[in-house]
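# Notes for the structure review
Spelled out, the chains give:
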Amino acid sequence: MAELPTKFHPDARLEALAAHDRYAEKSSVLGEAFETELSKAIEAISANPEMWASYLFGTQRYLMRRFPFVVVYRRRSESIEIIAVAHGHQKPGYWNKRS
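Rules used in this analysis
- Residue positions are counted from 1 within each chain, in the order its sequence is given.
- Per-residue local features are limited, in this predicted model, to residues with pLDDT of at least 70; the limit for side-chain atom pairs, both in listing and counting, is 80 or more; totals at the level of whole chains, interfaces and linings are taken over all residues.
- Side-chain measures were taken over the full set of non-hydrogen atoms in the model, leaving aside hydrogen atoms and water.
- As defined here, a cavity is a set of points on a 1 Å grid over the protein atoms alone where a 1.4 Å probe fits but cannot get out. A pocket is an open set with protein on both sides within 12 Å along at least five of seven lines, and residues line them when an atom is within 4 Å of a point.
- Grid points are joined across faces, edges and corners, and a volume is the space filled by probe spheres set on the points.
- Note on conventions: DSSP H or I runs of at least 4 residues are helices, E runs of at least 2 residues are strands, and numbering of each starts at the N terminus.
- Classification convention: Asp, Glu, Lys, Arg as charged; Ala, Val, Leu, Ile, Met, Phe, Trp, Tyr, Cys, Pro as nonpolar; all other residues, Gly among them, as polar.
- Structural elements are reduced to axes, namely lines fitted to C-alpha atoms, with helices fitted over the stretch in contact, and the angle between N-to-C directions of any two is expressed from 0 to 180 degrees.
- Reported orientations rely on four angle classes, namely roughly parallel under 35 degrees, roughly antiparallel over 145, roughly perpendicular from 65 to 115, and oblique for the rest.
- The contact criterion used throughout is that any non-hydrogen atoms of two residues lie within 4.5 Å.

Glancing now at the layout of surface pockets. What the largest pocket holds in volume is close to 180 Å³. Considering the residues around the largest pocket, the lining is formed by F8, R13, A16, L17, H20, F34, E35, L38, S39 and I42. The set of elements that each furnish at least two residues to the lining of the largest pocket consists of α1 (10-26) and α2 (28-47). It is α2 that contributes the most residues to the lining of the largest pocket, five residues altogether. Per-class residue counts for the lining of the largest pocket are six nonpolar, two polar and two charged.

What follows is the structure, given as structure tokens:
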């Protein structure tokens, strides 16, 4: 199966950038590690979107291993839409209004 193209909701992109920046402020190595893990998550989701658990409001989620973040996504007919890059302590479903 070919990988599906991935599109970020603008707010999800901002969340990812903010998380990267927070880690990079602590250490450039941590910032790079976050970026690498997020890239691997997106690659894995794109390659096999049905592999991860169903979540809220018709979405699925990928739990990052090293960092306390969840990548929330929806499968569209021809693409994957990343809805949120949510910290594990955020209220589940806060991103529900994103379309």
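Although it is not a glycine, F57 adopts a positive phi angle of roughly 55°. Looking at the secondary structure, you find F57 in the loop between α2 and β2 (60-63).

Looking at the secondary structure, you find G31 in helix α2. Once the C-alpha coordinates of G31 and L63 are considered, the two residues, 32 residues apart in sequence, prove to be 18 Å apart.

Turning our eyes to something else, we now look at the packing of α1 against α2. Where α1 meets α2, the closest approach of the two axes is 5 Å, and the angle between their N-to-C directions is 150°. Taken together, the axes of α1 and α2 are roughly antiparallel relative to one another. Of the residues in α2, those in contact with A16, A19, H20, Y23, A24 and K26 of α1 are S28, L30, G31, F34, E35 and L38. Here the residues of the contact of α1 with α2 are counted per class, giving seven nonpolar, three polar and two charged.

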